[in-house]
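If you want the building blocks of each chain, they are given just below.
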Amino acid sequence: GAVVSQHPSWVICKSGTSVKIECRSLDFQATTMFWYRQFPKQSLMLMATSNEGSKATYEQGVEKDKFLINHASLTLSTLTVTSAHPEDSSFYICSATPDRRANYGYTFGSGTRLTVV
Amino acid sequence: AQSVTQLDSQVPVFEEAPVELRCNYSSSVSVYLFWYVQYPNQGLQLLLKYLSGSTLVKGINGFEAEFNKSQTSFHLRKPSVHISDTAEYFCAVSDLLTGGFKTIFGAGTRLFVKA
């Protein structure tokens, strides 16, 4: 079945530094990947839609310059949290589908716990 | 705009008892419906999905869900739960207006199975 690998699984960084999170589709090509943010005991909030070879589409209220998304290949999307601050601490999850249509359902990465100190 | 409402934030239940997790959605167009499970500090795993056809959908781990168009509901059920079913469950909907592309998640229901 479709597998999505997300790294790192957890990261602690100092305030003001940048952190890169990788999302890879291991056994399929993902034209589109999605990045979500999840606060404790809350649902997933879609941050952006990452399209291979083009700019990401950000949801309203998500700072493009703070959350940089790059989708350079059909199997890799990266999310970089720039100049991280404690309020950026959260659980970040990516997902991908082998097909642009959602009827496949999405395969999710295992998530990245970011703690900014 | 679409929305997904999971009516219960927490559902405690004893082991081997049946359980139902409720989900209602609002959409003016046809939709795809999903249930996902999330274990602590992990991503989401697809339990089952409704695309079309039979309104009763069977998924993994003994779960099933029934699509009710008139009530715009997609409740998740399991006849006998195990301790290992303790997790967060998310209902999600994608509407065909966007090609089923964008998925909206409910707030989640924490299922807690007690011995």
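Structure first, text after, so check above.
Residues numbered from 1 in each chain as written. Chains lettered and ligands numbered in written order. Predicted model: local features only at pLDDT ≥ 70, side-chain atom pairs only at ≥ 80, totals over all residues. Heavy atoms only, no water.

Engineer: Break down the interface of chain B and chain A for me, with residues and values.
Structural biologist: Counting from both sides, the interface comprises 21 residues of chain B and, opposite them, 24 residues of chain A. Summed over both partners, the interface of chain B with chain A comes to about 1,700 Å²; 56% of that surface belongs to carbon and sulfur atoms. Linking chain B to chain A there are zero salt bridges. There are three residue pairs in polar contact (both at pLDDT 80 or more) connecting chain B and chain A. Elements supplying a minimum of two residues to the side of chain B that touches chain A: strand S5 (31-38), strand S6 (44-50), strand S10 (87-95) and strand S11 (103-105) of chain B. With four residues, the single largest contributor to the side of chain B that touches chain A is S5 of chain B. (Contact = heavy atoms within 4.5 Å. Buried area = accessible area lost by both parts, 1.4 Å probe. Salt bridge = Lys/Arg side-chain N within 4 Å of Asp/Glu carboxyl O. Polar contact = N/O pair within 3.5 Å; in protein donor to acceptor, adjacent residues only side chain to side chain. Helix = DSSP H or I, 4+ residues; strand = E, 2+ residues; numbered from the N terminus.)

Engineer: Give a description of the side chain of threonine 82 of chain A that names residues and reports values.
Structural biologist: Residue and element names in this part refer to chain A. With respect to the helices and strands, the residue threonine 82 is situated in the loop between strand S8 (76-81) and strand S9 (90-96). At a separation of 3.0 Å, a polar atom in the side chain of threonine 82 contacts the main-chain carbonyl oxygen of aspartate 65. Residue contacts for threonine 82: discarding those within four places in its chain leaves Thr17, Ser18, Asp65, Lys66 and Leu68.

Engineer: An account of the sheet that holds S8 of chain A is needed here, citing residue identities and associated values.
Structural biologist: Residues and elements named next belong to chain A. Across the sheet, four strands lie side by side as S1-S3-S8-S7; this open sheet has antiparallel pairing. Since the sheet does not close on itself, it has two edges, and those belong to strand S1 (4-7) and strand S7 (67-73), each with one partner. Here the strands of the sheet are splayed against their neighbours by 15° on average, with no regard to which way each runs. When strand S3 (residues 19-25) meets S8, the two strands line up antiparallel, connected through six bridges. (Pairing = 2+ DSSP bridges. Axes fitted to C-alpha atoms, helices over the stretch in contact; angles between N-to-C directions.)

Engineer: Tell me about the environment of valine 4 of chain A, and please be specific about residues and values.
Structural biologist: All names here are of chain A. With respect to the helices and strands, the residue valine 4 is situated in strand S1. By relative accessible area, valine 4 is classed as buried at 9%. Spatially, the C-alpha atoms of valine 4 and leucine 114 are 19 Å apart, while their sequence positions differ by 110 residues. Those residues within four positions of valine 4 in sequence are excluded, and the remaining contacts are Cys23, Arg24, Ser25, Phe28, Cys94, Ala96, Thr107, Phe108 and Gly109. (Buried < 20%, exposed > 50% of the residue type's maximum accessible area, 1.4 Å probe, protein only.)

Engineer: Please give an account of the pattern of salt bridges that cites residues and values.
Structural biologist: For the structure on display, the rule yields seven salt bridges over all chains. The partner of arginine 24 of chain A in a salt bridge is glutamate 22 of chain A, with the nearest N and O atoms 3.4 Å apart. Note on arginine 24 of chain A: relative accessible area 34%, which makes it partly exposed. For glutamate 22 of chain A, a relative accessible area of 26% corresponds to the partly exposed category. Across the pair lysine 78 of chain B and aspartate 85 of chain B runs a salt bridge, and its minimum N-O distance is 2.8 Å. Residue class for lysine 78 of chain B comes out buried when judged on its relative accessible area of 7%. Judged by its relative accessible area of 3%, aspartate 85 of chain B is buried. Residues joined in a network through salt bridges with shared partners are Glu20, Glu66 and Arg77 of chain B.

Engineer: Go over the pairing of strand S11 (residues 112-116) of chain A with me, naming the residues and quoting the values.
Structural biologist: Residues and elements named next belong to chain A. Of the two faces of S11, the one holding Thr112, Leu114 and Val116 is buried and the one holding Arg113 and Thr115 is not buried anywhere. As defined by bridge partners, strand S2 (residues 10-13) adjoins S11 across four bridges and the pair is classed as parallel. The residue of S11 that forms the bridge with valine 11 is leucine 114. Across three bridges, the pairing between S9 and S11 is antiparallel. Its bridge partner being in S11, tyrosine 92 is matched across the sheet by threonine 112.

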